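In case you want the letters, here they are:
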Amino acid sequence: MPTSFHQSVIEEFRANGGKVGGPFEGVGLLLLTTTGARSGRETTTPLGRVRHGDSLLIVGSNLGAPAHPDWYHNLLAHPVVRVELGTRTFQALAVPAEGARREELFAHVVKAAPGYGDYQARTARPLPVVVLERAEPDGWEAPGEVGSLAGKVMEVHTWLRGQLRQVKKEADAHFAVRAAHQGPGEPPAPGLGLQIRQRCLAFCQALEFHHTSEDAHLFPGIAHHHPHLAGTFARLADEHRTVARIQGELAALLADIGIADPERFHAELDRMSTELNAHLDYEEEQILPLLAEVPWPPAPRDSLNRTEPKRI
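In this text, all values refer to a predicted model and were calculated from it rather than measured experimentally. (Residues numbered from 1 in each chain as written. Predicted model: local features only at pLDDT ≥ 70, side-chain atom pairs only at ≥ 80, totals over all residues. Heavy atoms only, no water.)

Trainee: Hey, could you go over the packing of aromatic side chains for me, with residue numbers and the actual values?
Mentor: In total, this model carries 4 aromatic pairs according to the counting rule given. Seen in terms of ring centroids, W71 and Y72 are 6.4 Å apart; in terms of plane orientation they differ by 80°. Their pairing is edge-to-face. Across the pair, exposure class does not vary: W71 and Y72 are buried alike. Residues F219 and F233 carry aromatic rings whose centres are separated by 5.4 Å and whose planes lie at 50° to one another, so their mutual orientation is tilted. One end of the pair, F219, is in helix α6 (residues 193–225); the other, F233, is in helix α7 (residues 230–253), and 14 residues separate them in sequence. (Phe/Tyr/Trp six-rings, centres within 6.5 Å; stacked < 30°, edge-to-face > 60°. Buried < 20%, exposed > 50% of the residue type's maximum accessible area, 1.4 Å probe, protein only. Helix = DSSP H or I, 4+ residues; strand = E, 2+ residues; numbered from the N terminus.)

Trainee: Outline the sheet that holds strand β3 (residues 50–52), listing residues and values.
Mentor: Pairing in this open sheet of 7 strands is antiparallel, and the strands run β2-β1-β5-β6-β7-β4-β3 from one edge to the other. Taken across any chain shown, the strands that pair with only one partner, and hence form the sheet edges, are β2 (42–48) and β3. Neighbouring strand axes in the sheet, compared pairwise and without regard to direction, differ in orientation by 40° on average. Bridging between strand β4 (residues 55–59) and strand β7 (residues 129–134) involves 4 bridges; their strand directions are antiparallel. Residue L57 lies in a different strand from β7, and its bridge partner there is V131. The strands touched by α6 within the sheet are β5 (80–85), β6 (88–96) and β7, with β6 carrying the most contacts at an inclination of about 130°. (Pairing = 2+ DSSP bridges. Axes fitted to C-alpha atoms, helices over the stretch in contact; angles between N-to-C directions. Contact = heavy atoms within 4.5 Å.)

Trainee: Pulling in residues and values, what's your account of the pairing of β4?
Mentor: A large share of β4 lies buried, amounting to 4 of its 5 residues. Pairing between β3 and β4: 3 bridges, direction antiparallel. Across the sheet, the residue bridging to R51 is L56, located in β4. Here β3 hands over to β4 after 2 residues, with G53 in that stretch at a positive phi of 65°.

Trainee: Could you give an account of the environment of R197, with specific residues and numbers?
Mentor: Structurally, R197 can be placed in helix α6. Here R197 falls in the partly exposed class, since its relative accessible area comes to 22%. Linking R197 and H68, residues 129 residues apart in sequence, is a C-alpha distance of 19 Å. Within polar-contact distance, the side chain of R197 engages the side chain of Q198 at 2.6 Å. (Polar contact = N/O pair within 3.5 Å; in protein donor to acceptor, adjacent residues only side chain to side chain.)

Trainee: Now, about the pairing of β7: what can you tell me, with residues and values included?
Mentor: Within a regular beta strand, the side chains point alternately toward one face of the sheet and then the other, so they alternate between its two faces. Taken across its 6 residues, β7 has 5 buried, putting it largely inside the fold. Here β6 pairs with β7 via 5 bridges, running antiparallel. Along β7, the bridge assignment pairs L93 with E133.

Trainee: Describe the nonpolar core, listing the residues and the values that go with them.
Mentor: Core analysis: the largest hydrophobic core is formed by 22 residues, its most contacted members being F203, L207, F265, L269, M272 and L276. Counting residues per element, this core draws most heavily on helix α5 (residues 149–179), which supplies 6 residues. In this structure, L276 is in contact with L164, F203 and L207, ignoring residues within four places of it in sequence. Listed in part, the 16 residues of the second largest apolar core include L76, V81, V83 and L85. (Core = buried A, V, L, I, M, F, W, Y, C linked by side-chain atoms within 4.5 Å.)

Trainee: Describe the confidence of the model for the chain, with residues and values.
Mentor: In the predicted model, the chain carries a mean pLDDT of 87, and the fraction of residues at 70 or more is 90%. For residues 302–312, every residue scores under 50 in pLDDT, and the model assigns this stretch 27 contacts once sequence neighbours within four places are set aside. (pLDDT = per-residue confidence, 0-100.)

Trainee: Summarise the pattern of salt bridges; cite the residues concerned and give the values.
Mentor: Enumeration over the complete set of coordinates arrives at 13 salt bridges. Two residues, E136 and R134, come together in a salt bridge whose shortest N-O distance is 3.2 Å. The exposure class of R134 is partly exposed, given its relative accessible area of 47%. For R199, the salt bridge identified is with E170, shortest N-O distance 3.7 Å. Remark: E170 occurs in helix α5 and R199 occurs in helix α6; sequence separation between them is 29 residues. (Salt bridge = Lys/Arg side-chain N within 4 Å of Asp/Glu carboxyl O.)

Trainee: Outline the packing of α6 against helix α8 (residues 262–291), supporting the account with residue identities and numerical values.
Mentor: At a minimum axis separation of 13 Å, α6 and α8 run at an interaxial angle of 30°. With respect to each other, α6 and α8 are oriented roughly parallel. In the packing of α6 onto α8, the handedness of the crossing is left-handed. Taking contact as the criterion, the partners of I196, F203, L207, H210, H211, E214, L218, F219 and I222 in α6 are, on α8, F265, M272, L276, H279, E283, I287, L290 and L291. Among the residues forming the contact of α6 with α8, the class breakdown is 12 nonpolar, 3 polar and 2 charged. (Parallel < 35°, antiparallel > 145°, perpendicular 65-115°, else oblique. Left-handed = near helix turned anticlockwise from the far one by under 90°. Nonpolar A, V, L, I, M, F, W, Y, C, P; charged D, E, K, R; others polar.)

Structure (structure tokens):
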């Protein structure tokens, strides 16, 4: 849709608690904010949505055009998206449905909103059906109020560990279906390929952001006050590089999960788990005591360069 009209829909949506008039009167809409696959810039798009149980479904119809919409390519590159629904704003993991599940969900969408069937009739490409899932790992419960920087770092570490466990659980299920295949021909696609890819990619991107933030801000601030820990920070930086290499190898394997070698993938995933957990354990042992008295969230115009962490 033209940019001016596109923006007017966004503004009306936000001004009226998710309600939009005109041609969208009574239509269930949400605002989807994705990160550009190439540009890295955030883009917000108003989209129709259909509920399926506790899930939200969106469709890459692009009004029946031959190519997928830009927002779809964006979420394949950056799976964690921001969703505005009514007056709520939250993060979600965007997972395109595959195989039989895609057919089932698309039939559900068409039953609720027949126009998508018309869009599909206009193009030879299967319209992607994207499930907006909870971004947090299974069993995650938001902690109570975090009062120190040590608590905040521990919260991030707990989230990363949970995401890694869930990736491994989904990968095990995927390859168990492959291994159970009998008879001639290729094993059937178990429908978990993109699920694994999206969550693993989201985990890797979150881990990369966390380590980049530590290397650029957190660690230099602590090192300024604790020069005797130079060896500790050198080790942590080296471990960051090791984990980053494993991330890259995992990403290469996940480029096509349908043909990924099970033994190699499991070996890389196990190596990531071992390296990351050992790294997080060491970082918590060495660094968290220094942050226990640093308040979180930080006071305005405060930083580790102005607030000296607790010495040990």
